[in-house]
Amino acid sequence: MASYNLDTAIQSSTLYLDTTNCVSRSPTFKYNLASPITCPTAARMLVSVIGLTIPNVIRNITENTNQLSFQILTSSGTSVLIYTITIPPGIYSAWSFRDYINGQTVAPANSIQCVYDEKNFKFSFVSTFRFRVFNNDLRPTTCGALIGVGKNSNNEYEYPINYTTPDYTVIMPSTVNFIPTPYIFLKINNFLLSNINSQGVINNTLLRIPVNANYGEIINYRPAEVNKFIVNRNTVNEVEISLQDNLNNSLEIDSAVELQIILKFEYINIPEAPQHDIGTIQHYFKENPIKPVKTGDESLGDV
């Protein structure tokens, strides 16, 4: 985070964004400002987030995480059938997820039952025949993080997960995780930001908000340390924001869920460009140019 000296006499501006007043909700929350926020040409504008509230009603099963595939095997290990159970998106607990799997009435999905170990927080799947949890491009398992699929040293989910003892039981190697996302990423499309995610990609993330409230409660976040960013324009007459989860997917919330964001705009004089080559040989010779040396008595003229 850069530290800026607020060295102008321009009064700061506070922008209160409420999604009940946005002009568009998809694919971004878009606001048109009747009174644009402006900055003189000789100054620069800083933007920061000083507050955000949103209800914690985030779906933990989405279109990206709602498939579970099984492969039925013969006694020799040959594949007989691969099928996928698709769970409707929504907010699930370990118990309601288990009940949905066990509530299947159509074969072959009704031949596998889910068991939840409340002491170890682990799922297991049982059947009367040989089977395993399966994953490929045609028959994916996308709920691996949720049901407790293990990962290898390359940070990839390990499939297939074979049955073990007791007979025809697939025990998940890791605990369940029904947290939809540990963080919400607030992104803004109007400004160029230099924030970098864990893949080293520069994106337009303005703020990372921890999900620190239980389901049904309000996430009320005020940054302990406010990050300020230089705005790459002198006039702001519209704002577009979006919310993403930790997997860079759009946050799964109902269309009528409202959020409020407080943006603060402050002003600084145009900072002098820093001399990044200080301490180098090039900078030394630039500050101390070599003067030409006289090699003879120039007063004698031409001979």
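Above: the structure in question.
The text that follows walks through the structure, step by step, so that each part is easy to find. Everything numeric here is computed off the predicted structure, so don't read it as measured data.

1. Side note on the overall build of the chain
On a plain count of helices and strands, the chain comes out with three helices and 18 strands. Principal-axis analysis of the C-alpha atoms places the extent of the chain at approximately 110 × 60 × 35 Å. In the chain, which comprises 303 residues, the share counted as buried stands at 35%. Contacts in the chain between residues far apart in sequence, at least 24 positions, make up 71% of those at least 6 positions apart. Carbon and sulfur atoms make up 50% of the accessible area of the chain, which totals about 17,900 Å². Across the chain, the 20 positively charged side chains and the 25 negatively charged ones have centroids separated by 4 Å.

2. Observations concerning a nonpolar patch on the surface
A cluster of nonpolar side chains, namely Ile281, Tyr284, Phe285 and Ile290, defines an oily patch on the protein surface of about 490 Å² accessible area. Turning to its location among the elements, Phe285 is positioned in helix α3 (residues 281-287).

3. So, the pattern of salt bridges
Per the counting criterion, the structure on display carries seven salt bridges. Linking Arg59 and Glu252 is a salt bridge whose minimum nitrogen-to-oxygen distance equals 2.9 Å. Linking Arg59 in the loop between β3 (43-55) and β4 (67-73) with Glu252 in the loop between β17 (235-244) and β18 (260-269), this pair joins segments that are 193 residues apart in sequence. In this structure Arg59 comes out as partly exposed when scored by relative accessible area, which is 23%. Among the charged side chains, a salt-bridge network with shared partners connects Arg59, Glu252 and Asp254.

4. Topic: the sheet that holds strand β10 (residues 169-171)
Strand pairs in the sheet, formed through backbone hydrogen bonds, run parallel or antiparallel to each other. Judged by pairing direction, the sheet is antiparallel, and its three strands sit side by side in the order β6-β7-β10 without closing on themselves. The open sheet has two edge strands with one neighbour each: β6 (112-117) and β10. With direction set aside, neighbouring strand axes in the sheet form an average angle of 20°. Along the sheet, helix α1 (residues 94-102) contacts β6 and β7 (122-127); its crossing angle with β6, the most-contacted strand, is approximately 165°.

5. Overview of the side chain of Gln71
Position of Gln71 among the secondary structure elements: in strand β4. Classification of Gln71 by relative accessible area gives buried; the value is 5%. Only 3.0 Å separates the side chain of Gln71 from the side chain of Ser79, close enough to count as a polar contact. For Gln71, the side chain forms a polar contact with the side chain of Arg132, separated by 2.6 Å. Setting aside its immediate chain neighbours within four residues, Gln71 contacts Ser79, Leu81, Ile82, Arg130, Phe131, Arg132 and Phe134.

6. Things to note about α1
The complete set of buried residues in α1 reads Ala94, Phe97 and Ile101. Projected down its long axis, α1 carries its buried residues within an arc of 65°, all on one side. Along its buried surface, α1 packs onto β4, β5 (79-86), β6, β7 and α2 (144-147).

7. What to know about the nonpolar core
Core analysis: the largest hydrophobic core is formed by 40 residues, its most contacted members being Ile54, Leu186, Val239, Ile261 and Phe265. At the level of secondary structure, the elements contributing two or more residues to this core comprise β1 (13-18), β2 (29-38), β3, β11 (183-188), β14 (205-210), β15 (218-221), β17 and β18. If one sorts the elements of this core by residue count, β3 sits on top with six residues. Ignoring anything within four residues of it in the chain, the contact list for Leu186 reads Val49, Leu52, Asn204, Thr205, Leu206, Leu207, Ile209, Ile241, Ser242, Leu243 and Ile261. With 28 residues, the next largest nonpolar core counts Tyr83, Ile85, Tyr116 and Phe131 among its residues.

8. Some details on the packing of aromatic side chains
Evaluation of the coordinates by the stated rule reveals ten aromatic pairs. Taking 6.4 Å as the distance between ring centres and 50° as the angle between the ring planes, the aromatic pair formed by Phe123 and Phe125 counts as tilted. Each member of the pair, Phe123 as well as Phe125, carries the same accessibility label: buried. Cluster of aromatic residues (ring-pair linked, three or more members): Phe70, Tyr83, Trp95, Phe97, Tyr116, Phe123, Phe125, Phe131 and Phe178. The residue whose ring lies beneath Lys151 is Tyr157, and the NZ or CZ to ring-centre distance is 4.8 Å. Its end group placed over the ring of Tyr183, Arg208 keeps NZ or CZ at 3.7 Å from the ring centre.

9. Some thoughts on the pairing of β11
The pairing of β11 with β14 spans five bridges and is classified as antiparallel. Following the sheet pairing, Phe185 is matched in β14 by Arg208. One ladder, built from four bridges, connects β11 with β17; its direction is antiparallel. Counterpart to Ile188 in the pairing with β17 is Ile241.

Calculation notes
- Residues numbered from 1 in each chain as written.
- Predicted model: local features only at pLDDT ≥ 70, side-chain atom pairs only at ≥ 80, totals over all residues.
- Heavy atoms only, no water.
- Helix = DSSP H or I, 4+ residues; strand = E, 2+ residues; numbered from the N terminus.
- Buried < 20%, exposed > 50% of the residue type's maximum accessible area, 1.4 Å probe, protein only.
- Contact = heavy atoms within 4.5 Å.
- Areas by Shrake-Rupley, 256 points an atom, 1.4 Å probe, with all protein chains shown as cover.
- Lys, Arg positive; Asp, Glu negative; His and termini not counted.
- Charge placed at Lys NZ, Arg CZ, Asp CG, Glu CD.
- Patch = residues over 30% accessible without salt bridge, like charges linked within 9 Å, V, L, I, M, F, W, Y side chains within 5 Å.
- Salt bridge = Lys/Arg side-chain N within 4 Å of Asp/Glu carboxyl O.
- Pairing = 2+ DSSP bridges.
- Axes fitted to C-alpha atoms, helices over the stretch in contact; angles between N-to-C directions.
- Polar contact = N/O pair within 3.5 Å; in protein donor to acceptor, adjacent residues only side chain to side chain.
- Arc of directions from axis to C-beta.
- Core = buried A, V, L, I, M, F, W, Y, C linked by side-chain atoms within 4.5 Å.
- Phe/Tyr/Trp six-rings, centres within 6.5 Å; stacked < 30°, edge-to-face > 60°.
- Lys NZ or Arg CZ within 6 Å of the ring centre and 35° of its normal.

Such coordinate-based values are descriptive only and should not be taken to indicate function.
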